[in-house]
Amino acid sequence: MTTDSASASASASASAAAAVPSSVLGLAPVIPVVVLDDDADAVPLARALVAGGLPAVEVTLRTPAALDAIRAIAAEVPDAVVGAGTVLDAAAVDASAAAGARFLVSPGSTDGLLSAMAASGLAYLPGVSTVSEAMGLLERGVTEMKFFPAEASGGIAYLKSLGSPLPRARFCPTGGITAESAPRYLALPNVGCVGGTWMLPKAALAAKDWATVEKLAAEAAALGSS
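So, here is what we can say about the structure in this document. (Residues numbered from 1 in each chain as written. Predicted model: local features only at pLDDT ≥ 70, side-chain atom pairs only at ≥ 80, totals over all residues. Heavy atoms only, no water.)

Some points on the packing of aromatic side chains
Moving on, step 1. By the definition in use, this model includes two aromatic pairs.
Moving on, step 2. Here the aromatic rings of Phe147 and Tyr158 are separated by 5.5 Å at their centres, their planes lie at 10 degrees, and the arrangement is stacked. Of the two residues, Phe147 is situated in strand 7 (residues 144-147) and Tyr158 in helix 7 (residues 155-162); the sequence distance between them amounts to 11 residues.
Moving on, step 3. According to the relative accessible area criterion, Tyr158 is partly exposed, its value standing at 23%.
Moving on, step 4. Ring centres 6.3 Å apart and planes at 70 degrees place the aromatic pair Phe147 and Phe171 in the edge-to-face group. Taken together, the residues span a long stretch of sequence, with Phe147 in strand 7 and Phe171 in strand 8 (residues 170-173) at a distance of 24 residues. (Phe/Tyr/Trp six-rings, centres within 6.5 Å; stacked < 30°, edge-to-face > 60°. Helix = DSSP H or I, 4+ residues; strand = E, 2+ residues; numbered from the N terminus. Buried < 20%, exposed > 50% of the residue type's maximum accessible area, 1.4 Å probe, protein only.)

Some points on the pattern of salt bridges
Moving on, step 1. Within the structure shown, the criterion is met by four salt bridges.
Moving on, step 2. A salt bridge links Asp68 to Arg71, with the shortest nitrogen-to-oxygen separation between them at 2.6 Å. One end of the pair is Asp68 and the other is Arg71, both in helix 3 (residues 66-76) and three residues apart, which spans about a single turn.
Moving on, step 3. Here Asp68 falls in the partly exposed class, since its relative accessible area comes to 38%. (Salt bridge = Lys/Arg side-chain N within 4 Å of Asp/Glu carboxyl O.)

Observations regarding the environment of Pro165
Moving on, step 1. Among the structural elements, Pro165 can be located in the loop between helix 7 and strand 8.
Moving on, step 2. Look at Pro165 and you get exposed, because its relative accessible area is 55%.
Moving on, step 3. The spacing of Pro165 and Leu186 is 21 residues in sequence and 19 Å in space, taken between C-alpha atoms.

Concerning the layout of surface pockets
Moving on, step 1. Roughly 310 Å³ of volume is contained in the largest pocket.
Moving on, step 2. Contributing to the lining of the largest pocket are 15 residues, with Val35, Asp37, Leu200, Lys202 and Leu205 lying nearest its centre.
Moving on, step 3. Elements represented by at least two residues in the lining of the largest pocket include exactly strand 1 (30-34) and helix 9 (202-206).
Moving on, step 4. Across the lining of the largest pocket, the residue classes tally to nine nonpolar, one polar and five charged.
Moving on, step 5. A volume near 160 Å³ is recorded for the second largest pocket.
Moving on, step 6. In terms of lining residues, the second largest pocket is bounded by 15 residues, among which Val33, Arg62, Thr174, Gly175 and Thr197 are the most central.
Moving on, step 7. When residues of the lining of the second largest pocket are traced back to their parent elements, those giving at least two are strand 2 (56-60) and strand 9 (194-196).
Moving on, step 8. A breakdown of the residues in the lining of the second largest pocket according to their chemical character gives four nonpolar, eight polar and three charged. (1 Å grid on protein atoms, 1.4 Å probe; cavity = no way out; pocket = protein on both sides within 12 Å on 5 of 7 lines; lining within 4 Å. Points joined across faces, edges and corners; volume = space filled by probe spheres on them. Nonpolar A, V, L, I, M, F, W, Y, C, P; charged D, E, K, R; others polar.)

So yeah, pure geometry; function would need other evidence.
Encoded structure:
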């Protein structure tokens, strides 16, 4: 193999390895949870989030526009790591992967869904809200999970209490978290990141005010160093 061929092969291998993150929790201190009604907003929104320092973008499968939004971000915002949220079944796993999602997030976990997410080859965060659910994931070798709905399920105090009995479990709490409470969650040793929507105010999205989104994203990104 020539030097040029070896270099090209190494570059291709590096690109392939970069395509799927090894850990969702390590992408950013905050993962924006995005609900889009118009896929035309996907690219400028993702660009604003990335510019603000939040490369991981979770597009929830709650609207008909979601898969087209994921597809657009994957194609046009190379610095974004786009994922699919509210993944509920194997069909959603397949559709998300086909659209270009690089990670998957679910609000809960069933045996069928866990098998499908594992088979996809993508990084994934299955949802839990109880000790037994977390133990079930640990039995399957899954150590990274979403804690949802975080505030309604006991919040910071609950997660803190899980640290000693479940030392291998690490969480991305989502649900009711704000700019004010996020730093307290991030201070917990078993929390790798948080998910939230506060950097995506409805008024700014309706006005397509991407400058405000970028500003709020930058403030959220800075929480990881506070």
